[in-house]
Amino acid sequence: QVQLVESGGGLVQPGGSLRLSCAASGSIFRLNTVAWYRQAPGNQRELVAGITSGGTTNYADSVKGRFTISRDSAKNTAYLEMISLKPEDTAVYYCNANVQTIGGITLNSWGQGTQVTVSS
């Protein structure tokens, strides 16, 4: 079993910043690609940013230049640094990871989500 736990969400004013964390635990041999998604009320879940095991990143056009995804493989943790936040960034942010387990199985796992609210 693999668990992903997000943290770092909260209420922030427009123009503010937040740092989200995604900690993976369980029978992990290796974290492959890790990604952050978000879902606002009434909207579909959308990809925000992703990072491969080799460190290659990709971003949604709406967050380029404002969000930075990173990872600490030794800690099985990924991060999403968000600056210049806008009200339209308000959503529940989910961590997703492709995980190779110690038993040799590859799983696609999701965290429970963390709420980010950008409002004055």
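Just so you know, the residues in each chain are numbered from 1, in the order the chain's sequence is written. Where totals are concerned, whole chains, interfaces and linings use all residues; where local detail is concerned, this predicted model gives features only for residues with pLDDT of at least 70, and gives and counts side-chain atom pairs only at 80 or more. Side-chain calculation: all heavy atoms of the structure are included, whereas hydrogens and water are not.

Participant: So what exactly am I meant to see when it comes to the overall build of the chain here?
Facilitator: In terms of helices and strands, the chain carries zero helices and 11 strands. Walking the chain from its N terminus toward its C terminus, one meets helices and strands in the order β-β-β-β-β-β-β-β-β-β-β. The globule rule used for comparison is 2.2 Å times the number of residues to the exponent 0.38, while the radius of gyration itself is calculated over C-alpha atoms. The C-alpha atoms of the chain give 14 Å as radius of gyration, which agrees with the globular expectation for 120 residues (14 Å, within 12%). On the principal axes, the C-alpha backbone points of the chain span a range of 50 × 25 × 25 Å. The rule is simple: take the accessible area with a 1.4 Å probe, protein chains only, and divide by the maximum for that residue type; under 20% is buried, over 50% is exposed, in between is partly exposed. Per-residue burial over the chain gives 42% buried out of 120 residues. Of the contacts made within the chain by residues no fewer than 6 positions apart, 55% connect residues no fewer than 24 positions apart. Areas reported as accessible are Shrake-Rupley estimates using a 1.4 Å probe. Residue values count occlusion only from the protein chains shown. Just so you have it, the chain exposes about 6200 Å², and 48% of that area is on carbon and sulfur atoms. Only four residue types enter the tally: Lys and Arg on the positive side, Asp and Glu on the negative side, with His and both chain ends excluded. To locate a charge, take atom NZ for lysine, CZ for arginine, CG for aspartate or CD for glutamate. Separation of charge centres in the chain, based on 9 positive and 7 negative side chains, amounts to 5 Å. Elements are defined by DSSP. Helices are runs of H or I of four residues or more, strands are runs of E of two residues or more, and each kind is numbered from the N terminus. Residues count as neighbours in contact if any of their non-hydrogen atoms are within 4.5 Å of one another.

Participant: Quick question: what am I supposed to make of the pattern of salt bridges here?
Facilitator: Opposite charge on two side chains lets them pair, provided their charged atoms get close. Any Lys or Arg side-chain nitrogen found within 4 Å of a carboxyl oxygen on Asp or Glu counts as a salt bridge. Throughout the structure, instances matching the rule amount to five salt bridges. Between arginine 19 and glutamate 81 there is a salt bridge whose closest N-O contact spans 3.5 Å. Of this pair, arginine 19 sits in strand β3 (residues 18–26) while glutamate 81 sits in strand β8 (residues 77–82), placing them 62 residues apart in sequence. We classify arginine 19 as partly exposed; its relative accessible area is 45%.

Participant: Looking at this model, I keep getting lost on the pairing of strand β9 (residues 91–101). Mind explaining?
Facilitator: Consecutive residues of a regular strand have side chains that alternate between opposite faces of the sheet. Of all 11 residues in β9, nine are buried, a share of seventy percent or more. Strand direction decides the pairing type here: β9 and strand β11 (residues 114–118), joined by three bridges, are antiparallel. Pairing of tyrosine 93 across the sheet is with threonine 114, part of β11. Summarising the sheet, β9 and strand β10 (residues 106–110) pair through five bridges and their orientation is antiparallel. Looking at the pairing, glutamine 100 lines up with threonine 106 of β10. When DSSP finds at least two bridges between two strands, those strands are taken to pair. The hairpin formed by β9 and β10 contains four residues between the paired strands, and glycine 104 there has a positive phi angle of roughly 90 degrees.

Participant: Would you take a moment to explain the nonpolar core for this structure?
Facilitator: Generally speaking, soluble globular proteins have nonpolar side chains that are buried together. The biggest cluster of nonpolar side chains holds 30 residues, and the ones touching the most others in it are Trp36, Val48, Phe67, Leu80, Met82 and Tyr93. Of all the elements in the fold, those that place two or more residues in this core are β1 (2–7), β3, β4 (28–39), β5 (46–51), β7 (67–72), β8, β9 and β11. Sorting elements by how many residues they give to this core places β9 first, with five residues. The residues touching methionine 82, leaving out its near neighbours within four places in the chain, are Gly16, Ser17, Leu18, Leu20, Arg66, Phe67, Tyr93 and Val116. Among the buried residues, those of types Ala, Val, Leu, Ile, Met, Phe, Trp, Tyr and Cys that are joined through side-chain atoms within 4.5 Å form a nonpolar core.

Participant: How do you make sense of the side chain of threonine 101 when you look at a structure like this?
Facilitator: As for its placement among the helices and strands, threonine 101 is situated in strand β9. Non-local contacts of threonine 101, meaning those with residues more than four positions away in its chain, are made with Val2, Ser27, Phe29 and Leu107.

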